[in-house]
Amino acid sequence: MRRAAEACLAALAVVAALLPGLLLTPASADSPGPAGVRAVLPIAVSTGLLLDEVNGRVWVTQGEATTITVTGLDGAGAREVPLGFGGRGLTLSPDGRFVHVARAPSLQPTSGEIVTYRAADLVEVSRTSVGQDRCPRDLAYAGGRLWVSHGGCSDNRGDLAPVDPWVSFFPLAQPERFGSGPEIESVGPESTQIVAAGVVRDSAVVQVYDVRTSAPQLLRSTAGKYDYGSSRVGGLDVHAGRGLVAVSLPGLGPRLLRLSDLSEVRRFPPRQVHGLAFDAPGRHLLMAAEDQHDGVVSYPVDQDLVAHGRMMRADHVAWSSDGRAYAAGGELLVQPGWNVDPLDLRLQLAQERVTPGGSADIGGRITTTDGTAVPRTALTVTRSGPGGSVLLPPVSPAPDGSFRVTDRPPVAGGYTYRVAYAGDVRRARATAQVSVRVGDVAPATPARPAARGTITTREVAQPAVYDLIVDDLHRRVYVSGGNGSSGVSVLDLEGSEVGRLPLAEAGPLHLSADRTTLFVGLLDEPTVVFVDAATGSEVDRWWLGRPQPRCTTWRWSGTSCCGRRSATPAGTAGWIRPVPVG
């Protein structure tokens with residue numbers, strides 16, 4: 001996987017340990033979030049992707065390949081199912097018993113077909129010819145019937161029609177509505193509406209049809225300028241519950257529309273999209289896109305920033321109901337943790353100072369952001385202080401989400417207790433920390449010059465200084481070197497170098513108001529690195545994406561960090577929207 005430097009991305013970072021003299025190694029920039037499962041499949045390209053959660057399988061069609069690849073939901077146990085070349089769109093029957101596949105051979109006069117398999121055992125049960133010079137593209141159930149979008153294989157004219165998958169030959173109506181077979185999505189198996197996206201004459205269009213009769217009736221339509229270099233629709237999905245349509249039209253890029261009137265809700269960064277899909281709640285939109293690189297990204301539907309990014313070659317994407325993301329290209333990626341619920345993790349000290357030999361008593365509670373408790377969730381506990389960092393026994397919350405950490409610090413001094421939840425396929429990572437002082441040791445005060453006007457000079461291995469920031473809580477000074485620098489120097493308050501953050505081209509620095517997080521803007525790419533000020537480990541990054549703004553200044557407000565980006569190639573400038581960092 002490659003980093004999504006060209007996408008408009010943002011990934012939250014939480015971090016772990018800086019001790020004097022320790023060289024800091026950042027987390028891998030091309031692995032934001034939990035690691036995915038890759039299944040290398042015998043395919044070069046995917047032309048269709050179907051999740052059959054009823055039977056626990058993933059189906060992938062492969063265009064000119066003569067088989068369909070079928071795997072388990074974890075990407076394992078790949079099997080090849082005979083089809084004949086030309087496999088394209090797939091759909092599952094509403095009862096989950098059958099998988100229908102649109103087969104559109106490119107060699108004529110071979111007729112196009114709808115091939116039906118029994119989903120439970122992958123056995124072919126019927127083939128329905130739709131006539132010569134008919135090239136089926138996509139399938140959807142609506143109004144109790146199976147519908148197919150198709151185009152003329154030679155005359156490039158397309159239409160939408162019902163088809164009976166249980167007859168050997170089912171002639172389709174003369175195509176007339178579209179310049180080629182459109183992509184179609186049902187508003188729901190029980191609905192009588194279908195959304196179609198394609199090209200009509202000189203326009204790229206999205207249309208909603210009433211399909212209660214065999215002759216679809218156009219209800220509403222929206223159109224945009226057609227890019228004559230391509231007639232391929234990059235993706236189409238409908239979320240009936242939220243009344244939204246996601247589509248990427250040729251030349252227009254991905255955008256979000258209201259189902260009720262097809263008015264535009266928002267546009268996404270311009271990308272060449274291969275496929276897109278809503279998650280089950282309709283909170284995120286997954287895209288397989290191509291700019292300078294191929295990649296898969298997940299956009300929050302109601303925000304401007306990207307939730308997660310993971311690079312791979314992909315032509316189609318889909319969500320499963322448990323929040324896992326699937327992408328098919330030259331390989332199948334099963335990615336946990338894309339569709340995650342944010343968690344609220346809070347800690348409270350019984351007392352901030354304990355006597356030597358006494359116990360530190362920490363209470364806490366972990367819940368979803370709407371207050372629903374998250375029971376039976378294993379939490380890791382780390383104690384950092386004199387002697388280094390120690391992993392303490394994990395704790396499990398009570399049914400109401402409450403838990404308690406009790407520890408006996410070994411010697412006098414200052415300690416930081418960090419409680420963390422690693423995240424799973426349903427929930428995001430969450431961390432919180434508190435500080436405890438053991439004994440009557442007075443807090444350390446910053447070093448001062450011996451006399452007024454005296455300056456202490458230290459030589460630091462930093463070729464230039466771009467930015468400098470003082471962390472008086474942890475008694476650290478951070479110095480970045482700008483273009484050509486080899487990282488961020490970490491000094492103590494006496495000016496001695498005690499560590500280094502190996503971040504190339506490090507530029508602006510900012511420390512959060514609570515002194516827990518250091519933000520580093522990189523100058524050679526649109527990236528913000530988050531570093532834990534207490535411990536110094538990097539876990540994640542935000543990629544700010546095309547048009548590759550330069551991070552020039554930072555501002556902190558409450559629990560949100562905002563970065564100002566410089567003018568884009570189009571000459572615009574603006575603030576990146578605040579996003580919670582906790």
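Refer to the preceding data block for the structure.
Let me begin by describing the structure that accompanies this report. (Residues numbered from 1 in each chain as written. Predicted model: local features only at pLDDT ≥ 70, side-chain atom pairs only at ≥ 80, totals over all residues. Heavy atoms only, no water.)

**Focus on the packing of aromatic side chains**
In step 1: Counting across every chain of the model gives four aromatic pairs.
In step 2: Ring plane angle 75° and centroid distance 5.0 Å describe the contact between Phe98 and Trp166, whose orientation is recorded as edge-to-face. With Phe98 in strand E7 (residues 98–103) and Trp166 in the loop between strand E12 (158–163) and strand E13 (183–186), the pair connects residues that are 68 residues apart, well separated along the chain.
In step 3: By relative accessible area, which is 13% here, Phe98 ends up buried.
In step 4: Assessed through its relative accessible area of 47%, Trp166 is described here as partly exposed. (Phe/Tyr/Trp six-rings, centres within 6.5 Å; stacked < 30°, edge-to-face > 60°. Helix = DSSP H or I, 4+ residues; strand = E, 2+ residues; numbered from the N terminus. Buried < 20%, exposed > 50% of the residue type's maximum accessible area, 1.4 Å probe, protein only.)

**Re the side chain of Ser46**
In step 1: For Ser46, the location among the structural elements is in the loop between strand E1 (37–40) and strand E2 (48–52).
In step 2: A residue is classified by how much of its surface remains accessible, and Ser46, at 3% relative accessible area, is buried.
In step 3: Once residues within four sequence positions are removed from consideration, Ser46 is found in contact with Val60, Thr61, Asp315, His316, Ala328 and Gly329. (Contact = heavy atoms within 4.5 Å.)

**Here's the deal with unusual backbone geometry**
In step 1: Look at Leu262: it is not a glycine, yet its phi comes out positive at around 60°.
In step 2: Since its relative accessible area comes to 3%, Leu262 is described here as buried.
In step 3: Of note, Arg475 is a non-glycine position whose phi angle comes to about 55°, a positive value.
In step 4: On the secondary structure map, Arg475 appears in the loop between strand E36 (467–471) and strand E37 (476–480).

**Digging into the sheet that holds strand E19 (residues 253–258)**
In step 1: Pairing is antiparallel across the open sheet formed by four strands, whose spatial order is E17-E18-E19-E20. Strands with a single pairing partner mark the edges of an open sheet, and in this sheet they are strand E17 (235–239) and strand E20 (264–267). This sheet shows a mean twist of 20° between the axes of neighbouring strands, independent of strand direction.
In step 2: Summarising the sheet, E17 and strand E18 (residues 244–249) pair through five bridges and their orientation is antiparallel. Within the sheet, the bridge partner assigned to His239 lies in E18 and is Leu244. (Pairing = 2+ DSSP bridges. Axes fitted to C-alpha atoms, helices over the stretch in contact; angles between N-to-C directions.)

**Quick look at the environment of Pro508**
In step 1: Along the chain, Pro508 falls in strand E40 (residues 506–511).
In step 2: C-alpha of Pro508 to C-alpha of Gly521: the two residues are 13 residues apart in sequence and 5.2 Å apart in space.

**Here's the deal with the nonpolar core**
In step 1: Judged by nonpolar contacts, the single largest core of 24 residues is most densely connected at Phe403, Tyr417 and Val419.
In step 2: For this core, the secondary structure elements donating two or more residues are strand E28 (343–349), strand E30 (360–368), strand E31 (379–385), strand E32 (388–395), strand E33 (402–407), strand E34 (413–421) and strand E35 (430–438).
In step 3: If you tally residues by element for this core, the top one is E35, at five residues.
In step 4: What Tyr417 contacts, discounting residues up to four positions off in sequence, is Leu347, Ala360, Ile362, Thr382, Arg383, Leu392, Asp407, Pro409, Ala432, Gln433, Val434 and Val436.
In step 5: In this structure, Tyr478, Val488, Leu511 and Leu518 belong to the second largest nonpolar core, which totals 16 residues. (Core = buried A, V, L, I, M, F, W, Y, C linked by side-chain atoms within 4.5 Å.)

**Notes on the pattern of salt bridges**
In step 1: According to the stated counting rule, one finds 13 salt bridges in the structure shown.
In step 2: Of the charged contacts, one joins Glu113 and Arg127 as a salt bridge, the two residues approaching to 3.0 Å between their closest N and O atoms. Placement of the pair is Glu113 in strand E8 (residues 113–118) and Arg127 in strand E9 (residues 123–129), with a sequence separation of 14 residues.
In step 3: On the basis of relative accessible area, Arg127 is assigned to the partly exposed category, the value being 26%. (Salt bridge = Lys/Arg side-chain N within 4 Å of Asp/Glu carboxyl O.)

**Section: the sheet that holds E30**
In step 1: Here we have three strands laid out as an open sheet, ordered E28-E30-E33, and antiparallel in their pairing. Looking at strand neighbours, the two that pair on one side only are E28 and E33, the edges of this open sheet. Neighbour-to-neighbour, the strand axes of the sheet open up by a mean angle of 20°, direction not taken into account.

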